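Here are the chains, one letter per residue:
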Amino acid sequence: MLGVMRSPGQSHSQLGAGDASKAVFSAMFSPVIMLLLGGFALAAALSKHDIARIIASWVLSKAGTNPKTVLLAYMLVATFASMWISNVAAPVLCFSLIKPILRTLPTGSTFAPCLIIGIALASNVGGMASPISSPQNIIAIDTMHPPPSWFQWFAVSIPVCLLCDLGIWLLLLAVYKPHKTTPSIHQTRFTSESLGLRQIYVCAVCVLTILLWCFESSLAFLVGDMGIVAIIPLVLLFGFPKILSKEDFNNFLWTVVILAMGGIALGRAVDSSGLLHELASRIEAFVDGFPLFGVLCVFCALILVCCTFISHTVGSLIILPIVSEVGARLPEPHSRLLVMGSALMASGAMGLPVSGFPNMNAIMLEDTLGNPYLTTMDFFKAGIPASVVAYFVIITVGYAVMSLLSF
């Protein structure tokens, strides 16, 4: 109706209503949307059949009674869980596991807010960890040409996530000093459970799918795209009796799916209309003469500020296409490096209670008397410095690894 869609050829002529609608709808259901749905299926199966809880409980039972060690263990579990069941479900799982600890803490203990905000921040960090851990990663993959393999993503994200977790852990110990108000805590108990046939089946499907995603570039002649691989868990988990049901399908985060679909289509429209090129030209003039490292610092700072106040997904939908276009116009094009770094920074924006679902979930937690464990001041004290920690890790370690991998 608005006549903004143009033909991709040299003529760049305006598309008619019929051709424009076909272009929009073909963009909305891309392979990365299938990747998102496949990730939701794996997350639903791991949560429904208690596999995520069993693994997390076993790891946490080894953490001991030292509050410093327990805090680090919960943060690492939250990050790891976010890799596979998304950084939306991971904090919910971890918050359910810490309830017995919270009930036994003495009055005035700083370990409760320290542990809760630690899990929230680590879950945000976990949003960087894998291509399916957060929607902004899906958007980044759709923007990068060629898209990175899972091995390449892990090579960048895992060192960045580990260093972010360690830096935030040290920050929380300095801010809350939980070891002074709570010298020791009750150890998490783990009751050994034998896995049933359905749980073993879910584990097998998850391992198979992840391996296929990791080796997708080598199997491109057979599967064509990682979106095709994502069909496998959908078929195997919904097709096998009593694994996933219609209710589980309805419980997928369809708002996120529709947001991603609309954002991808909007990005195509902005590109096709010429607006993206105009915006990129203005920003290119601003960063003219900057080295690649300087351009990465500018874009990471931009997306850090934006995604602190708005949704990580929305911020990525707006900024990543511009980042990609500017990167492609550099004297030595490094579009993929800039997009990857910016996508990681979107997850690292965690300075306010509204900065991501883990933070919103954390600030709503209350004790038995109905008093919230966290306040906005907790995020000012810990969330904003944690975002700064993530920023410096991404522009240093992340930049170095991406350069070595020729992004």
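So, how was this worked out
- Residues numbered from 1 in each chain as written.
- Predicted model: local features only at pLDDT ≥ 70, side-chain atom pairs only at ≥ 80, totals over all residues.
- Heavy atoms only, no water.
- 1 Å grid on protein atoms, 1.4 Å probe; cavity = no way out; pocket = protein on both sides within 12 Å on 5 of 7 lines; lining within 4 Å.
- Points joined across faces, edges and corners; volume = space filled by probe spheres on them.
- Helix = DSSP H or I, 4+ residues; strand = E, 2+ residues; numbered from the N terminus.
- Salt bridge = Lys/Arg side-chain N within 4 Å of Asp/Glu carboxyl O.
- Expected span 1.5 Å × (residues − 1).
- Buried < 20%, exposed > 50% of the residue type's maximum accessible area, 1.4 Å probe, protein only.
- Patch = residues over 30% accessible without salt bridge, like charges linked within 9 Å, V, L, I, M, F, W, Y side chains within 5 Å.
- Areas by Shrake-Rupley, 256 points an atom, 1.4 Å probe, with all protein chains shown as cover.
- Axes fitted to C-alpha atoms, helices over the stretch in contact; angles between N-to-C directions.
- Parallel < 35°, antiparallel > 145°, perpendicular 65-115°, else oblique.
- Left-handed = near helix turned anticlockwise from the far one by under 90°.
- Contact = heavy atoms within 4.5 Å.
- Nonpolar A, V, L, I, M, F, W, Y, C, P; charged D, E, K, R; others polar.
- Core = buried A, V, L, I, M, F, W, Y, C linked by side-chain atoms within 4.5 Å.

> What is the right way to look at empty space enclosed by the protein in this model?
Over the atoms a probe the size of a water molecule is rolled, and this reveals where empty space is left. Using the criterion set out here, one finds one cavity of 30 Å³ or more in the structure. In this model, the largest cavity occupies a volume close to 70 Å³. Along its surface, the largest cavity is lined by 11 residues, and F40, S86, S133, S134 and P135 are the ones closest to its centre. Sorting the residues of the lining of the largest cavity by element identifies α2 (31-48) and α4 (67-97) as the ones contributing at least two each.

> What's the story with the pattern of salt bridges in this structure? I'm lost.
Inspection of every chain in the model, using the stated rule, returns one salt bridge. Note that K48 and D248 form a salt bridge whose closest N and O atoms lie 2.8 Å from each other. Taken together, the positions of K48 in helix α2 and D248 in helix α14 (residues 246-250) put the pair 200 residues apart, joining distant regions of the chain.

> Please explain helix α17 (residues 292-309) as it appears in this structure.
One turn of an α-helix holds 3.6 residues; hence residues three or four places apart share an orientation. Across its 18 residues, α17 extends 27 Å between first and last C-alpha, which sits within 8% of the 26 Å expected from 1.5 Å per residue. Taken residue by residue, α17 has L292, G294, V295, L296, C297, F299, C300, I303, L304, C307 and T308 as its buried positions.

> Explain a nonpolar patch on the surface to me, please; I cannot follow it from the model alone.
On the surface, L208, I228, I231, V235 and L236 cluster together to form a nonpolar patch covering roughly 380 Å² of accessible area. Per-element accounting of the nonpolar patch gives the leading share, three residues, to helix α13 (residues 231-239). Overall, L208 belongs to the partly exposed group, its relative accessible area being 38%.

> Please clarify how the packing of helix α6 (residues 111-126) against helix α8 (residues 150-176) should be interpreted in this entry.
Each pair of packed helices can be summarised by the angle the axes make with each other and by the distance between the axes. Put simply, α6 and α8 touch, their axes get as near as 10 Å, and they point 160 degrees apart. Relative to α8, the element α6 is oriented roughly antiparallel. For the element pair α6 and α8, the recorded crossing hand is right-handed. The segment α6 lies against α8, with P113, C114, I117, G118, L121, A122 and V125 engaging C161, C164, D165, I168, L172 and Y176. Looking at the contact of α6 with α8, its residues break down into 11 nonpolar, one polar and one charged.

> Please explain the packing of helix α7 (residues 135-143) against helix α18 (residues 312-329) as it appears in this structure.
Direction vectors running N to C along α7 and α18 enclose 20 degrees, while the axes themselves pass 9 Å from each other. Judged by the angle between their axes, α7 and α18 are roughly parallel. The crossing of α7 and α18 is right-handed. Between α7 and α18, the contacting residues are P135, Q136, I139, A140 and T143 on the first element and H312, T313, S316, L317, L320, P321 and S324 on the second. Tallied by class, the residues present in the contact of α7 with α18 amount to six nonpolar, six polar and no charged.

> Could you clarify how one ought to interpret the environment of A44 in this entry?
Mapped onto the elements of the fold, A44 is located in helix α2. As for A44 and N251, which are separated by 207 residues in sequence, their C-alpha atoms are 8.7 Å apart. Residue contacts for A44: discarding those within four places in its chain leaves L244 and F252.

> Could you clarify how one ought to interpret α7 in this entry?
Most of α7 sits out of view: nine of its nine residues are buried. When α7 is considered as a whole, its buried residues turn out to be P135, Q136, N137, I138, I139, A140, I141, D142 and T143.

> Explain the nonpolar core to me, please; I cannot follow it from the model alone.
One recurring pattern in soluble globular proteins is that nonpolar side chains are buried together. With 129 residues, the main nonpolar core has L71, Y74, I116, L172 and L237 as its most contacted residues. For this core, the element with the highest residue contribution is α4, accounting for 17 residues. With residues near it in sequence (within four places) discarded, L71 still touches F111, C114, L115, G118, W169, L172 and L173.

> Help me out: how do you make sense of unusual backbone geometry in this one?
Leave glycine aside and you will find that most residues have negative phi; peptide bonds, for their part, are mostly trans. Of note, the bond from H145 into P146 is cis; its omega dihedral lies within 30 degrees of zero at -5 degrees. With respect to the element layout, P146 can be found in the loop between α7 and α8. A positive phi angle, close to 45 degrees, is found at K177, a residue other than glycine. Here K242, not a glycine, exhibits a phi torsion of approximately 65 degrees, which is positive. With respect to the element layout, K242 can be found in the loop between α13 and α14. The exposure class assigned to K242 is exposed, which follows from its relative accessible area of 65%.

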